Amino acid sequence: MNKKLFALTGILIAALLLNACSSGKWQGDISNLDQGWIDQQYKLIEEFQQKLDESPDDYEALFEIGFRYYQLEDYKKAVTYYKKAIEANPDYLVTYNNLATVYETVKEFDLAAENIMIYFQNNQDNSEAVKDAVRILLKDNDPENAQTALDAYADKTRDEDSSGKTELMSDLKQDIYDYEVEHGLIN
């Protein structure tokens, strides 16, 4: 009987530890945030939820709730609402960017890369989009697509000649090169 109880206790402790570790990835620590700000975010969530009660496919309300949950570091709920916003309006592209950011935060780089590429493919002339795409693709161990994204940005902005663009291109090329050296892809 003691052996069974001991084994059952061990299994229970392991399950609790596994749950604590896995939920930690999806739930940040907001104890350092101002309680008034936290309360304001929950109040805004309630207001957007009321809009959803009237119009369940209100993609802007779904997006805003996802954004508020991301700010509150409740990443699982943020993903849920961003996915619902995409279902309601797949053409509201900024949702893919925000969803990629959530996945990047919880180190789900394959899902982050999938979503950032949807956003980037429709915003190839956007410097922030290319920075996000290159950063996430490198985290996903995909330097080839990072280079492809950088090349697409260069093509789309070919006529744009600014020091900011030149610096951005140089920085991102260096990031890709550093990644390839670090991972032994080049000498």
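Located above this text is the structure these notes cover.
Residues numbered from 1 in each chain as written. Predicted model: local features only at pLDDT ≥ 70, side-chain atom pairs only at ≥ 80, totals over all residues. Heavy atoms only, no water.

Asker: Go over the nonpolar core, please, and point to the residues and values.
Answerer: Formed by 49 residues in total, the largest nonpolar core has its most connected members in Ile65, Ile116, Phe120, Val130, Ala133, Val134 and Leu137. Of all elements in the fold, only α2 (35-54), α3 (59-71), α4 (75-88), α5 (94-105), α6 (109-121), α7 (127-139), α8 (143-156) and α9 (163-182) reach the threshold of two or more residues within this core. Discounting residues that sit within four places of it in the chain, phenylalanine 120 has contacts with Ala129, Val130, Ala133, Ala149, Ala152 and Tyr153. (Core = buried A, V, L, I, M, F, W, Y, C linked by side-chain atoms within 4.5 Å. Buried < 20%, exposed > 50% of the residue type's maximum accessible area, 1.4 Å probe, protein only. Helix = DSSP H or I, 4+ residues; strand = E, 2+ residues; numbered from the N terminus. Contact = heavy atoms within 4.5 Å.)

Asker: I'd love a proper account of the side chain of aspartate 142, names of residues and values included.
Answerer: Locating aspartate 142 in the fold gives a position in the loop between α7 and α8. One buried charged residue, aspartate 142, forms no salt bridge at all, with the nearest opposite charge on arginine 135 at 14 Å. For aspartate 142, the residues in contact, after removing those within four places along its chain, are Leu137 and Tyr179. (Lys, Arg positive; Asp, Glu negative; His and termini not counted. Salt bridge = Lys/Arg side-chain N within 4 Å of Asp/Glu carboxyl O.)

Asker: Describe the pattern of salt bridges, listing the residues and the values that go with them.
Answerer: This model, assessed by the stated rule, comprises 8 salt bridges. Put simply, glutamate 104 and arginine 135 hold a salt bridge, and the shortest N to O gap is 2.7 Å. Placement of glutamate 104 in helix α5 and of arginine 135 in helix α7 is noted, with a sequence separation of 31 residues between them. You can call glutamate 104 buried: its relative accessible area is 10%. Counted as one network, the salt bridges with shared partners bring together Glu104, Asp132, Arg135 and Lys139.

Asker: Tell me about a nonpolar patch on the surface, and name the residues and values.
Answerer: On the surface, a nonpolar cluster with roughly 330 Å² of combined accessible area is contributed by Tyr177, Val181, Leu185 and Ile186. By relative accessible area, which is 31% here, isoleucine 186 ends up partly exposed. (Patch = residues over 30% accessible without salt bridge, like charges linked within 9 Å, V, L, I, M, F, W, Y side chains within 5 Å. Areas by Shrake-Rupley, 256 points an atom, 1.4 Å probe, with all protein chains shown as cover.)

Asker: Please set out the packing of α3 against α5 residue by residue, giving values where relevant.
Answerer: Contact geometry for α3 and α5: axes closest at 11 Å, N-to-C directions at 25 degrees. Considering their axes alone, α3 and α5 lie roughly parallel with respect to each other. At the point where α3 passes α5, the crossing takes the left-handed sense. Where α3 abuts α5, its residues Phe63, Phe67 and Tyr70 lie against Val94, Thr95, Asn98, Thr101, Val102 and Thr105. In the contact of α3 with α5, the residues fall into 5 nonpolar, 4 polar and no charged. (Axes fitted to C-alpha atoms, helices over the stretch in contact; angles between N-to-C directions. Parallel < 35°, antiparallel > 145°, perpendicular 65-115°, else oblique. Left-handed = near helix turned anticlockwise from the far one by under 90°. Nonpolar A, V, L, I, M, F, W, Y, C, P; charged D, E, K, R; others polar.)

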